Amino acid sequence: MSSSSALVVMRGVTKRYRLGSGPTAATALRGLFSRGHFDEVEAVSKVDLELQPGQTVGLVGSNGAGKSTILRLLAEITPPTEGRIELRGRPSSLLDVGAGFHYELTGRENILFSGAIYGMTRAEIREKLPRIVEMAQVDRFLDTPMKRYSTGMILRLGIAIAMHVDADFMLIDEIISAADASFQRQLESRIGAYVRGGGAAIIASHELELLERLCHTAVHLDQGRVVRRGPARDVLDAYRADLDQKPDSEGVERKPVLSK
Amino acid sequence: MAQVKIITPRSHRPLLGIAELVRHRRVLYFLVWRDIKVRYKQTALGAAWAVVHPLINVVVLTFVFHSLANVQSGAQGSYAAFTFGGVLPWTVFAASASRAAGALIGNAHLLGRYYFPRLALPLAACGAPLVDAMVGFVVYLILAAATGQTLAGTVAVAPLVLFMSALWGSAVGIALSAAVVWIRDIRQVLPLLFQAWMLATPVGYPASLVPDKYAFVIALNPMVGPVETFRALATGGPLPAESLVLSAVALVAVGVPSLLFFRAASQRCIDVI
């Protein structure tokens, strides 16, 4: 595999977040004008990652392992602290699905709005609208304000919009398990078809069986570092074995790293 | 194969981000559209609020300066129409600036969800005040006609001044929107600042009322240009060329650093917000 055709290349990417009670005027001024001493945590630490067309990469690890941060870096939501990311083509991101909706607007209006932010034209959205509505199963509620929607409907609509973006690869963050069983199956087959059709995806999930079915490659992360990578089955088996060995490790607090 | 996008901690970003914004102009359009749609939903008066706000200012300022302090506008027509001619350009500015200032923290959910040029948020916040001002402009024409104010033919280009006021609002608001993420106190100060600033601008009184020793306040205030120009265009008075040029030059002098600051700060906003 040469990196020249890769959709995503991460090289030595580190992301540090500051810890603390949030900004005050005093810390803000220090933060803007100096590189003072802050308690920091490395959410992602010197990570290398590649995604080739037609490939699905699964990210596993306990809470705080850095899975979501990697997806947020690739979605250009937050910049890296160190390292280099190369992106070829356009991603469609399924992160925080539903967070981008405005609950006073109707489903139809939200589809128009989200579509525009994803870079779709009005004509493109109108053309795709029937398929989005069908997948989300919200046809009867299309002209109802979103605040009357159930959690499941909001989730399905968010996913359905993202699945209809013309994207070169998808970034999927732990959303599949939140949907009901029949939607999960539908989503799984759609993601599979999308990747076989030349797309690619990076999926972060705690659902190991799902990752095993969807992914070719898996990466096991722990406290921001890559612990293991390789064929999905091998990595996931090893991850399961790790979990069995130290059942208390899930969700353990990370040690803050004092920088400089 | 699509072109490569390289992201590093110091990724090369376009200087002011205008070109990127033009590429994503649909986002800008839909943000304004959403603002206008959501704004007066579930209010009894609905879009009429857009007119009620400036009208209340007109009534208060006219009562205080004209009825109580017996100030004369020195121009033909009613004092209320005179005040309206100042309130309109002022309101676009103040509303644009304060709405833009809250645009990043108010849309944190979008920042954490999608990639799009962050500049679209404070800029789009100026859309609704501008639309409100256009409605207000029509009401101004009606009020002027009803109170016997003669309007000049140049009133047709007066909306351009409202556009300039909105630009001033965005120039101030873009930098504020990023600064507010780190220093929330700014949001508490803004209403007071704009109130004081309005009273220091000849909105409810004519500039001729200001004694010589405070003339510098008028000379240094960049909003005097739009306010005086709007009135001059509407009623056919002499154009205040000096303060208009000063305001236009100051607009660039404030706007460019504001964009540069925003570009530097907005990328890291999401980690702090």
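Please read these numbers as outputs of a predicted model, since none were measured by experiment.

Undergrad: Which residues make up the overall build of chain A, and what are the values?
TA: When helices and strands are tallied, chain A shows eight helices and 10 strands. The 260 residues of chain A split such that 53% are buried. A fraction of 74% describes how many contacts in chain A between residues 6 or more apart in sequence connect residues 24 or more apart. As displayed, chain A has an accessible area near 11,500 Å², and 50% of this comes from carbon and sulfur atoms.

Undergrad: Pulling in residues and values, what's your account of the domain arrangement of chain A?
TA: Residues and elements named next belong to chain A. Here chain A is partitioned into domain 1 (3–89 + 168–258) and domain 2 (101–166). On the side of domain 2, nine residues touch domain 1, which itself brings 11 residues to the contact. Taken as a group, Met170, Phe183 and Arg190 account for 53% of the area that domain 1 buries against domain 2, more than any other trio of residues on that side. Viewed at the interface, domain 2 and domain 1 are joined by zero salt bridges. Taken together, the connections running from domain 1 to domain 2 amount to zero residue pairs in polar contact (both at pLDDT 80 or more). The element that contributes the greatest number of residues to the side of domain 1 that touches domain 2 is helix H6 (residues 181–196), accounting for five residues.

Undergrad: Hey, could you go over unusual backbone geometry for me, with residue numbers and the actual values?
TA: Glycine aside, residues mostly have negative phi, and peptide bonds are mostly found in the trans state. Residue and element names in this part refer to chain A. In this model, Gln137 sits at a positive phi of 55 degrees, which is unusual for a non-glycine residue. Residue classification places Gln137 among the partly exposed positions, given a relative accessible area of 40%. In the Ramachandran plot, Gln223 falls in the positive-phi region, its phi being about 45 degrees despite a non-glycine side chain.

Undergrad: So what's going on with the packing of helix H3 (residues 107–117) of chain A against helix H4 (residues 122–136) of chain A? Residues and values would help.
TA: Residues and elements named next belong to chain A. Packing of H3 against H4 brings their axes to within 11 Å, and their N-to-C directions diverge by 120 degrees. Put simply, H3 runs oblique to H4. Where H3 crosses over H4, the handedness of that crossing is right-handed. Contact residues: Arg108, Ile111, Leu112, Gly115 and Ala116 in H3; Ile125, Arg126, Leu129, Ile132 and Val133 in H4. Of the residues that constitute the contact of H3 with H4, the class distribution is seven nonpolar, one polar and two charged.

Undergrad: Help me get a handle on the interface of chain A and chain B, residues and values and all.
TA: Taken together, the contact pairs 50 residues of chain A with 40 residues of chain B. Taking both sides of the interface into account, the surface hidden between chain A and chain B amounts to around 4,100 Å²; carbon and sulfur atoms contribute 60%. Along the contact surface separating chain A from chain B lie two salt bridges. Salt-bridge contacts for B:Lys37 lead to A:Glu109; the nearest nitrogen and oxygen are separated by 2.7 Å. Summed over the shared surface of chain A and chain B, the result is 11 residue pairs in polar contact (both at pLDDT 80 or more). Secondary-structure elements contributing two or more residues to the side of chain A that touches chain B are strand E1 (8–18), helix H1 (25–33), strand E4 (82–88) and H3 of chain A. Here the side of chain A that touches chain B takes seven residues from E4(A), the largest share from any one element.

Undergrad: How would you explain the pattern of salt bridges if you had to name every residue and give the values?
TA: Residues and elements named next belong to chain A. Taken as a whole and assessed by the stated rule, the structure comprises 20 salt bridges over all chains. The salt bridge partner of Glu212 is Arg240, with a shortest N-O separation of 3.4 Å. Of the two residues, Glu212 is situated in helix H7 (residues 208–214) and Arg240 in helix H8 (residues 232–245); the sequence distance between them amounts to 28 residues. Since its relative accessible area comes to 23%, Glu212 is described here as partly exposed. On the accessibility criterion, Arg240 (23% relative accessible area) is partly exposed. Note that Asp237 and Arg240 form a salt bridge whose closest N and O atoms lie 3.0 Å from each other. One end of the pair is Asp237 and the other is Arg240, both in helix H8 and three residues apart, which spans about a single turn. A cluster of three or more residues bridged by salt bridges with shared partners is formed by Glu209, Glu212, Asp237 and Arg240.

Quick notes on the rules
- Residues numbered from 1 in each chain as written.
- Chains lettered and ligands numbered in written order.
- Predicted model: local features only at pLDDT ≥ 70, side-chain atom pairs only at ≥ 80, totals over all residues.
- Heavy atoms only, no water.
- Helix = DSSP H or I, 4+ residues; strand = E, 2+ residues; numbered from the N terminus.
- Buried < 20%, exposed > 50% of the residue type's maximum accessible area, 1.4 Å probe, protein only.
- Contact = heavy atoms within 4.5 Å.
- Areas by Shrake-Rupley, 256 points an atom, 1.4 Å probe, with all protein chains shown as cover.
- Domains from an automatic or database assignment.
- Buried area = accessible area lost by both parts, 1.4 Å probe.
- Salt bridge = Lys/Arg side-chain N within 4 Å of Asp/Glu carboxyl O.
- Polar contact = N/O pair within 3.5 Å; in protein donor to acceptor, adjacent residues only side chain to side chain.
- Axes fitted to C-alpha atoms, helices over the stretch in contact; angles between N-to-C directions.
- Parallel < 35°, antiparallel > 145°, perpendicular 65-115°, else oblique.
- Left-handed = near helix turned anticlockwise from the far one by under 90°.
- Nonpolar A, V, L, I, M, F, W, Y, C, P; charged D, E, K, R; others polar.

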